[in-house]
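# Working through the structure, step by step
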Amino acid sequence: MSAITEHRTRASHGVHRWGRYTERPVSRTMWSSRTLVVFAPGTTTHDAVLLRAWHVWPVLGAVVSVVVMLALDHPRGLGLAAAAGVYAIGFGVLGAATRRTRPQVRSLTTTVFHGNGRPEVHGDVRLLEGSLDALLLVEHAHRTGAVDRVGIEVVWADVWTALPPRSPSRDAGVSPR
């Protein structure tokens, strides 16, 4: 295992200032996936927090809505209406707060089908691994004081530029055919 690979397995999962990296292990469907999400260079901490909130709101909002519904349990359905309102308001507020930054987010996903005796890889694995390595190495160098804030931004911008931009149909909310 190389130093880069070892560092990636220890520090890459989760949330970073530049975005996030997630791995989904092989499931019963025989598929595994890895996704690298990179925010536009210069994204502020405030905008990054809002983008992360937008990402988790479908699940978090459902939990909050159930709590609201249980807390306002009423024979006339007040709890259900309040829960639906909280859920919708969360999407409205977060959607408005991230409308400028969401279209600038770039992501790359690779998937592997583990059936048929030989893994079938889909997606640009080399681009994902190279991009992730570059981001993690510059992040580590910054923590140790070897790279300043500008150095991080330069590498971050290079990675963001290398990733494919969002398709116009995805930005408009239309599913591709």
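Above this text sits the structure in question.
Summary of the structure given here. Numbering of residues starts from 1 in every chain and runs along the sequence as written. Thresholds applied to this predicted model are a pLDDT of at least 70 for local features of residues and 80 or more for the giving and counting of side-chain atom pairs; totals over whole chains, interfaces and linings are not thresholded and use all residues. Each side-chain value is worked out from all heavy atoms of the structure, with water and hydrogens disregarded.

## Focus on the packing of helix α2 (residues 45–71) against helix α3 (residues 78–97)
Only the stretch in contact is used when fitting a helix axis, every axis being a line fitted to C-alpha atoms; angles between N-to-C directions are given from 0 to 180 degrees. A run of H or I in DSSP counts as a helix once it spans at least four residues, and a run of E counts as a strand once it spans at least two, with each numbered from the N terminus. As a packed pair, α2 and α3 sit with axes 8 Å apart at the nearest point and diverge in direction by 170 degrees. Taken together, the axes of α2 and α3 lie roughly antiparallel to each other. Across from Leu50, Ala53, Trp54, Trp57, Pro58, Gly61, Ala62, Val64, Ser65, Val68 and Met69 in α2, the residues of α3 making contact are Gly79, Leu80, Ala82, Ala83, Val86, Tyr87, Gly90, Phe91, Leu94, Gly95 and Ala97. Residues are grouped as follows: Ala, Val, Leu, Ile, Met, Phe, Trp, Tyr, Cys and Pro are nonpolar; Asp, Glu, Lys and Arg are charged; all remaining types, including Gly, are polar. Looking at side-chain class alone, the contact of α2 with α3 contains 17 nonpolar, 5 polar and no charged residues. Should an angle fall under 35 degrees it is called roughly parallel, over 145 degrees roughly antiparallel, and 65 to 115 degrees roughly perpendicular, with every other angle called oblique. For this analysis, residues touch if any pair of their heavy atoms sits within 4.5 Å.

## Some words on the packing of aromatic side chains
Aromatic pairs are defined between Phe, Tyr and Trp rings, using the six-membered ring for Trp, whenever the two ring centres lie within 6.5 Å; interplanar angles under 30 degrees are classed as stacked, those over 60 as edge-to-face, and all others as tilted. This model, assessed by the stated rule, comprises 4 aromatic pairs. With a centroid separation of 6.4 Å and an interplanar angle of 25 degrees, the aromatic rings of Trp57 and Tyr87 are classed as stacked. Taken together, the positions of Trp57 in helix α2 and Tyr87 in helix α3 put the pair 30 residues apart, joining distant regions of the chain. Throughout this description, buried means an accessible area under 20% of the type-specific maximum (1.4 Å probe, protein chains only), exposed means over 50%, and partly exposed covers the range between. By relative accessible area, which is 28% here, Tyr87 ends up partly exposed. Between the aromatic rings of Tyr87 and Phe91, the centroid separation amounts to 5.1 Å while the plane-to-plane angle is 90 degrees, which identifies the pairing as edge-to-face. With Tyr87 and Phe91 both in helix α3, this residue pair falls 4 residues apart, about one helical turn. Joined through ring pairs, the aromatic side chains of Trp54, Trp57, Tyr87 and Phe91 make up one cluster. Charge-over-ring contacts are defined here by two conditions on Lys NZ or Arg CZ: a distance within 6 Å of the ring centre and an angle within 35 degrees of the ring normal. In this structure, Arg102 is placed above the aromatic ring of Trp54, and the distance from its NZ or CZ to the ring centre is 4.2 Å.

## Concerning α2
If you check α2, its first and last C-alpha atoms are just 33 Å apart, much less than what 27 residues at 1.5 Å a residue would give, namely 39 Å. Of all the bends in α2, the greatest, near 65 degrees, is centred on Trp57, and the proline Pro58 appears no more than four residues after it. The set of residues buried in α2 consists of Asp47, Ala48, Leu50, Leu51, Trp57, Gly61, Ser65 and Val68. What a helix should span is 1.5 Å times the count of its residues minus one. The term bend refers to the angle at a residue between two fitted axes, each drawn through seven residues, those ending there and those starting there.

## Notes on a nonpolar patch on the surface
Surface patches are drawn from residues lacking salt bridges whose relative accessible area is over 30%; two like charges belong together within 9 Å, two nonpolar side chains (Val, Leu, Ile, Met, Phe, Trp, Tyr) within 5 Å. Surface exposure here means Shrake-Rupley accessible area, sampled with a 1.4 Å probe, where a residue is shielded only by the protein chains that are shown. By definition here, a salt bridge exists when the distance from a side-chain nitrogen of Lys or Arg to a carboxyl oxygen of Asp or Glu is within 4 Å. A cluster of nonpolar residues, Val66, Met69, Leu70 and Leu80, forms a patch on the protein surface that exposes about 380 Å² of accessible area. In terms of residue count, the dominant contributor to the nonpolar patch is α2 (3 residues). Of note, Leu70 is situated in helix α2. Residue classification places Leu70 among the exposed residues on the basis of a relative accessible area of 61%.

Coordinates in, geometry out; function isn't part of it.
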